[in-house]
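What follows is each chain in one-letter form.
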Amino acid sequence: RHPGQARRTAQLSAWLAATRPGLLVSDVSQEVTLLARLHGVPVVSVLLPGRRDDAAHALGLGVSEEVVGFWPPSAAGMTLGLPPDVAERVRALGGQSRFSPAVPSTTRTGCTGRPRHLVVLAGSGGGAEQVLGAAEAAMRGLDGWTCQVLGGPGGWVEDPFALLRAAAVVLTHAGQNAVAEVAAARVPAVLVPQERPFDEQRTTARVLGGGGWPVVVADGPPGADVSDARWADRVERAAGLDGTAWAGWVDGGAAGRFADVVESVLA
């Protein structure tokens, strides 16, 4: 019952009728998926991790021609509660980063023989303060480490990839983009999952923490763990992990596989 929703839907409807697209890619919006499908336009739906057992997801994904997720097939359990007919159709394409993966010759595999440098990828959305607080606690307990914050107040950097690659450890949240960019940099990470609808980040963190990936996951409710020593220990443990193991999460081919799915529907 919001007038803005009605205006937006009317604009989309008019565009669909005038443009007559052969396909629409819906980036997680079930209402747009349904609107396009009711106009006779086939839809490829992008799915986020988490518990998607509500009626809206079942309906929107159920009428989609294809459903894709940006995590590797080996990452079992990224979506929970989907109807069986939808779950069996989800195509896991691998993590998608805007950066090309670091090549093996320049990959860092821990702190041995190099500066112990922590990069904090905080972002600017809700929950950034949790990541920043965790970094402050960790640095109080770490000896001989330096730290650089990307995101948060005053931390904007136009191109962060070189800074990520130079890190011994990245401390960040468990959003898909943050994970993909850390994976592309081939650097081990400490993940602080944030509260999101459908447990998106907690689901991602749980799968990563139990799947042999180069991460240390900070579990428990946000703000519950304020021990400097415990945060420092997480960073130290992450520093001993092999960042090259991220190659199975981001291999640089997800965009091409996504294009193949789109072209197959158009064909």
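For the structure, see preceding data.
The rules we used
Residues numbered from 1 in each chain as written. Predicted model: local features only at pLDDT ≥ 70, side-chain atom pairs only at ≥ 80, totals over all residues. Heavy atoms only, no water. Helix = DSSP H or I, 4+ residues; strand = E, 2+ residues; numbered from the N terminus. Rg over C-alpha atoms; globule rule 2.2 N^0.38 Å. Contact = heavy atoms within 4.5 Å. Areas by Shrake-Rupley, 256 points an atom, 1.4 Å probe, with all protein chains shown as cover. Lys, Arg positive; Asp, Glu negative; His and termini not counted. Charge placed at Lys NZ, Arg CZ, Asp CG, Glu CD. Pairing = 2+ DSSP bridges. Axes fitted to C-alpha atoms, helices over the stretch in contact; angles between N-to-C directions. 1 Å grid on protein atoms, 1.4 Å probe; cavity = no way out; pocket = protein on both sides within 12 Å on 5 of 7 lines; lining within 4 Å. Points joined across faces, edges and corners; volume = space filled by probe spheres on them. Polar contact = N/O pair within 3.5 Å; in protein donor to acceptor, adjacent residues only side chain to side chain.

K.L.:
An account of the overall build of the protein is requested, with residue identities and associated values reported.
P.N.:
A tally of helices and strands in the protein yields 10 helices and 11 strands. What you see for the protein is a C-alpha radius of gyration of 20 Å, in line with the 18 Å of a compact globule of 267 residues. With respect to the three principal axes, the spread of C-alpha positions in the protein is 60 × 40 × 35 Å. Contacts in the protein between residues far apart in sequence, at least 24 positions, make up 66% of those at least 6 positions apart. For the protein, the accessible area works out to roughly 12700 Å², and carbon and sulfur atoms hold 54% of it. Side-chain charges in the protein split into 23 positive and 26 negative, and the spacing between the mean points of these groups amounts to 2 Å.

K.L.:
Quick one: what's the story with the sheet that holds strand β8 (residues 146-151), residue by residue and with numbers?
P.N.:
Spatial ordering of the open sheet is given by β8-β7-β9-β10-β11, a layout of five strands whose pairing is parallel. One side of each edge strand has no neighbouring strand; the edge strands of this open sheet are β8 and β11 (215-217). Strand after strand, the sheet turns through a mean of 20° between neighbouring axes, direction not considered. With four bridges joining them, strand β7 (residues 117-123) and strand β9 (residues 169-172) adopt parallel strand pairing. The partner of Leu118 across the bridge, within β9, is Val169. The strands that helix α7 (residues 176-185) touches are β7, β9 and β10 (189-191); relative to β9, the one it contacts most, it runs at about 175°.

K.L.:
Give me the layout of surface pockets: which residues, what numbers.
P.N.:
Here the largest pocket defines a volume of roughly 720 Å³. Lining the largest pocket are 35 residues, with Arg98, His173, Asn177, Ala178 and Glu181 positioned closest to its centre. Secondary structure elements with two or more residues in the lining of the largest pocket: β7, β8, α7 and α8 (200-209). Per-element tally for the lining of the largest pocket: the top contributor is α7, with five residues.

K.L.:
Provide a residue-level description of the side chain of Ser64, including the pertinent values.
P.N.:
Within the secondary structure, Ser64 is located in the loop between α3 (55-62) and β4 (66-69). Within polar-contact distance, the side chain of Ser64 engages the side chain of Ser45 at 2.7 Å. Not counting chain neighbours up to four residues away, the residues in contact with Ser64 comprise Thr33, Val43, Ser45 and Arg89.

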